[in-house]
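Given next are the chains, with one letter for each unit.
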Amino acid sequence: MNPVIAVENLRVRLGKHEILKGISCRLGEAGVGKAIGLLGPNGAGKSTLIQTLLGFHQPSVGSAHILGLDCHRQSMQVKTRIGYMPENDSLIADMTAVAFLRLMGEISGLPAAAALEKAHETLFHVGLGEARYRAVGTYSLGMKQMAKLAQAILHGPELVILDEPTNGLDPAARQRMLALNKEMKEQHGMNVLLCSHLLRDVEEVCDEVVILKDGMIVHQSDLAAERQTNKRFVQLQVTGDDRNLGTVLQEIGAEGVSETAGTWRIILPVEVEVNALWRLTARENLQITKLAYRRDTLEEIFLKAVGHRKPKAEAEVAHGRI
Amino acid sequence: MAVFRRGYQRYDGPLTGPGTRFMAIPRFAWSKILSQRFVVILLVLSLFWPLLCAGFIYVSNHADLLPNIGGMDASMAKLLEINGKFFAVFMNVQSTFAILLAAIAGPGLVAPDLANNALPLYFARPMSRWTYIGARMMVLFGILSLVTLVPGLFVFGMQASLASTSWLQANWWLGQGLVLGFVLYIAMVSLVALTCSAYVKWRVVAGALVLAFFFVLAGAAQMINQILRVEWGSLLNPGFAIYTVWCALLGVEPVEDAPGAWDCFAVILVMLGGLLAVLLRKLRPVEVVS
């Protein structure tokens, strides 16, 4: 299986700071339209990873490959095969959408006539057909997002990198954007790397997910497989000294993350009954005040991966113990 | 089938060569620049001097007509001679239009891409920083050629066609000097305009900065010469430096007691290198704050 993205011990240093600290992963499958979600808290290194894949940063150690091509040494070949939708406003305001897309198409290597034809075609595809002769600077935020998507897919890339594509979109536009993202992989066989802080977007579109924290990969999973494992997610609220709860949960094969003092998110293995939790908390002199099942699997995975546990002292202050 | 009915399909046709893709940038920029009224007015005005020179060349090569309107003595013949000095004066006048054009057209080249944060879009495509600069230089090269190289070669070609073959054999290097001199000048003016465009967002200010680069440095050079009682201060004056190089290329006597052509050429190269380094520093797909 040839991965779409292969990263090997990648370290990237910007100035004095090491942003990516030796990450390795193999994502996607060449020739098969798949979507990969890139998640992580602010400052985790998501944008740096994307920018390294685009050849904007040189790795200090290790390598990054897209479709078997080195992102740094063969960046020009890589760039002919990818499309990039940046997070920020990145449009040439005084150009019409058609002219802007045509220019971007020609720079990507499309002949002038084909670039013009594709510009019209893509603008209709993303829903900007009627507004295609308007200057891009006059577009609303939602339209600008669609124009950015259009310029990323205009030349039919094999991998499309989308950085926060649903930023600033209303619910209807967000649904349209996600539908287009799904269509890109399912109908057009493109691979999608979706970087978003909205877990629902990633869960809706992606087949794989990578979670970064502090420049390292803390979790990588096949979302489809995760959904099929049928793990049970439990939200638990307890009163009492719950400092050891995380450790004792491991006795029954469960994993737990403390969100705030007294509030836990727990993943129970299929074979473990909920009764085991009652027994365990009773043994630890904890009183359960709330127990609920949760369905938001990706959120559980994310919170567990990034370890959203407050420092103990802070947690105790919040709980009124100190 | 109509485009809106066809739906999106991935492009799988042939791609253009890597060496020609960047030409899309100048093509789009030229159409935008040539739609500006000031640019068109300047282009028209810049044609007057070449037309006058063409008339002068015509008269110079038809001296037999002059006796009929009063005769021509030796001093008159000397005055009408088409030589290096003639082309040096021609280049000097046309270079003024080139600076004005660069001040009008240059600021709109890089600044909008920086202001709109569009550089990541260019650099996420098969385009390097060097190619981007080359494409932007090409925009100015094309526009400035219309007031420098094109009329220059027209005037030279006219003289070559009207004069005898022996004139061309003896003076072909004037054409070579004209081309080299203008190419060096266009490179300098273009880089100054692009650098100003990259650092100043407002077009009017960036345009003024392009003019200031030449006039302020000329003033500074004069001050250094006067205060320190030296001659090397003239090296800081880009106009003087380029004119000295032109004189050398066209075989014209240089200004006395002033830095030589090689010194001026070296200073221009250093200036070009410095401008390029400053420009490259600004043109990055992402800003890295260390």
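On a predicted model such as this, the values are computed, not experimentally measured, just so you know.

A. Main features of the overall build of chain B. Along its length, chain B carries 14 helices and zero strands. Its helices and strands in sequence order give chain B the pattern α-α-α-α-α-α-α-α-α-α-α-α-α-α, from N to C terminus. With the C-alpha coordinates aligned to their principal axes, the bounding extent of chain B is approximately 80 × 60 × 35 Å. With 290 residues in all, chain B has 39% of them scored as buried. A fraction of 78% describes how many contacts in chain B between residues 6 or more apart in sequence connect residues 24 or more apart.

B. Representation of the overall build of chain A. Of regular secondary structure, chain A possesses twelve helices and 14 strands. Taking the principal axes of its C-alpha atoms as reference, chain A extends roughly 75 × 45 × 40 Å. Out of the 322 residues belonging to chain A, those deemed buried represent 46%.

C. Fine view of the sheet that holds strand 10 (residues 216-222) of chain A. All names here are of chain A. Spatial strand order, 6-7-8-3-9-10: six strands in an open sheet with mixed pairing. Bordering the open sheet on either side are strand 6 (82-85) and strand 10, each of which pairs with just one other strand. Each neighbouring strand pair of the sheet contributes to a mean axis angle of 15°, computed without reference to strand direction. Pairing of strand 7 (residues 159-163) with strand 8 (residues 191-195), which is carried by five bridges, proceeds in the parallel orientation.

D. Region of the structure containing the pairing of strand 3 (residues 35-39) of chain A. Residues and elements named next belong to chain A. Counting buried positions over the five residues of strand 3 gives five, a clear majority of the element. Sheet analysis places strand 3 next to strand 8, joined by four bridges and oriented parallel. Of the residues in strand 8, the one forming a bridge with Leu-38 is Cys-195. Pairing analysis gives four bridges linking strand 3 to strand 9 (residues 208-213), with the strands arranged parallel. Directly across from Leu-39, in strand 9, lies its bridge partner Ile-211.

E. Representation of the interface of chain A and chain B in the model. If you look at the interface, chain A gives 39 residues, while chain B gives 31 residues. Elements with a minimum of two residues in the side of chain A that touches chain B: helix 2 (75-80), helix 3 (97-108) and helix 4 (112-125) of chain A. Ranked by the residues each element gives to the side of chain A that touches chain B, the list is headed by helix 4 of chain A, at eight residues. A breakdown of the residues in the side of chain A that touches chain B according to their chemical character gives 16 nonpolar, 15 polar and eight charged.

F. Representation of the domain arrangement of chain A in the model. All names here are of chain A. Assigned domains within chain A: domain 1 (5-226) and domain 2 (229-318). Measuring from the centre of the C-alpha atoms in domain 1 to the corresponding centre in domain 2 gives 36 Å. Listed as interface residues are 14 residues of domain 1 and, on the opposing side, eight residues of domain 2. Within the residue set of the side of domain 1 that touches domain 2, elements represented by two or more residues are helix 7 (199-205), strand 9, strand 10 and helix 8 (223-228). For the side of domain 1 that touches domain 2, the residue count by class is nine nonpolar, two polar and three charged.

G. The arrangement of the sheet that holds strand 5 (residues 69-70) of chain A in detail. Residue and element names in this part refer to chain A. The four strands are arranged 2-1-4-5 in an open sheet whose pairing can be described as antiparallel. With partners counted over all chains shown, the strands left at the sheet margins are strand 2 (17-27) and strand 5, one partner each. Summarising the sheet, strand 4 (residues 61-66) and strand 5 pair through two bridges and their orientation is antiparallel. Along strand 5, the bridge assignment pairs His-65 with Asp-70. Lying over the sheet, helix 1 (residues 46-53) contacts strand 1 (5-14), strand 2 and strand 4, oriented at roughly 110° with respect to strand 1.

H. View of the pairing of strand 4 of chain A. Of the pairings in the sheet, the one linking strand 1 of chain A to strand 4 of chain A comprises five bridges and is antiparallel in character. Considered in strand 4 of chain A, the bridge of A:Ile5 is made with A:Ile66.

I. Highlighting helix 11 (residues 165-199) of chain B. Given a rise of 1.5 Å per residue, 35 residues ought to cover 51 Å, and the 50 Å separating the end C-alpha atoms of helix 11 of chain B matches this to within 8%. At B:Asn171, helix 11 of chain B shows its largest bend, some 60°.

J. Layout of the packing of helix 9 (residues 129-145) of chain B against helix 11 of chain B. Residues and elements named next belong to chain B. Close contact between helix 9 and helix 11 brings their axes to 9 Å; oriented N to C, the two are set at 125°. Classed by the angle they form, the pair helix 9 and helix 11 counts as oblique. Here helix 9 and helix 11 pass one another in a crossing that is right-handed. Taking contact as the criterion, the partners of Arg-136, Met-137, Leu-140, Phe-141, Leu-144 and Ser-145 in helix 9 are, on helix 11, Ile-186, Val-189, Ser-190, Ala-193 and Leu-194.

K. A look at the environment of B:Gln9. Residue and element names in this part refer to chain B. The topology assignment puts Gln-9 in the loop between helix 1 (3-6) and helix 2 (24-33). For Gln-9, a count of 13 C-beta atoms within 10 Å translates into the label partly exposed. Taking the C-alpha atoms as reference, Gln-9 lies 57 Å from Leu-236; in sequence the two are 227 residues apart.

L. Quick peek at the nonpolar core. A:Leu194 and B:Ala102 are the most contacted members of the largest nonpolar core, which totals 159 residues. Among all residues touching A:Leu194, those that are not within four sequence positions of it are A:Ala35, A:Ile36, A:Gly37, A:Leu38, A:Leu162, A:Pro165, A:Asn181, A:Val202, A:Val205 and A:Cys206. In terms of nonpolar packing, the next biggest core, distinct from the first, is built from twelve residues, A:Leu236, A:Leu249, A:Trp264 and A:Ile266 among them.

M. Structural detail: the environment of A:Gly31. All names here are of chain A. For Gly-31, the position within the fold is in the loop between strand 2 and strand 3. Judged by local crowding, Gly-31 falls into the partly exposed class, with 13 C-beta atoms found within 10 Å. With 159 residues separating them along the chain, Gly-31 and Met-190 place their C-alpha atoms 8.0 Å apart.

N. Representation of the environment of B:Trp167. With respect to the helices, strands and loops of the structure, B:Trp167 is situated in helix 11. Along the primary structure B:Trp167 and B:Leu34 are separated by 133 residues, whereas in three dimensions their C-alpha atoms are 37 Å apart.

O. Broad picture of the confidence of the model for chain A. All names here are of chain A. Looking at chain A as a whole, its pLDDT mean stands at 86, while 92% of the residues score no less than 70. No element of chain A has a lower mean pLDDT than helix 12 (residues 312-318), at 38, and none a higher one than helix 3, at 96. Low pLDDT, under 50, characterises residues 309-322; the predicted model gives this stretch 15 contacts beyond four residues in sequence or across chains.

P. Seen up close, unusual backbone geometry. Residues and elements named next belong to chain A. Non-glycine residue Leu-67 carries a positive phi angle of around 50°. Its location among the elements puts Leu-67 in the loop between strand 4 and strand 5. With a phi close to 60°, Asn-285 is a non-glycine residue in the positive phi region. Take Asn-285: it is sitting in the loop between helix 10 (275-283) and strand 14 (287-294). Note on Asn-285: 11 C-beta atoms within 10 Å, which makes it exposed.

Quick notes on the rules
- Residues numbered from 1 in each chain as written.
- Chains lettered and ligands numbered in written order.
- Predicted model: local features only at pLDDT ≥ 70, side-chain atom pairs only at ≥ 80, totals over all residues.
- Helix = DSSP H or I, 4+ residues; strand = E, 2+ residues; numbered from the N terminus.
- Buried ≥ 20, exposed ≤ 12 C-beta atoms within 10 Å, placed from the backbone.
- Contact = placed C-beta atoms within 7 Å.
- Pairing = 2+ DSSP bridges.
- Axes fitted to C-alpha atoms, helices over the stretch in contact; angles between N-to-C directions.
- Nonpolar A, V, L, I, M, F, W, Y, C, P; charged D, E, K, R; others polar.
- Domains from an automatic or database assignment.
- Expected span 1.5 Å × (residues − 1).
- Bend = angle between axes of the 7 residues up to and from the residue.
- Parallel < 35°, antiparallel > 145°, perpendicular 65-115°, else oblique.
- Left-handed = near helix turned anticlockwise from the far one by under 90°.
- Core = buried A, V, L, I, M, F, W, Y, C linked by C-beta atoms within 7 Å.
- pLDDT = per-residue confidence, 0-100.

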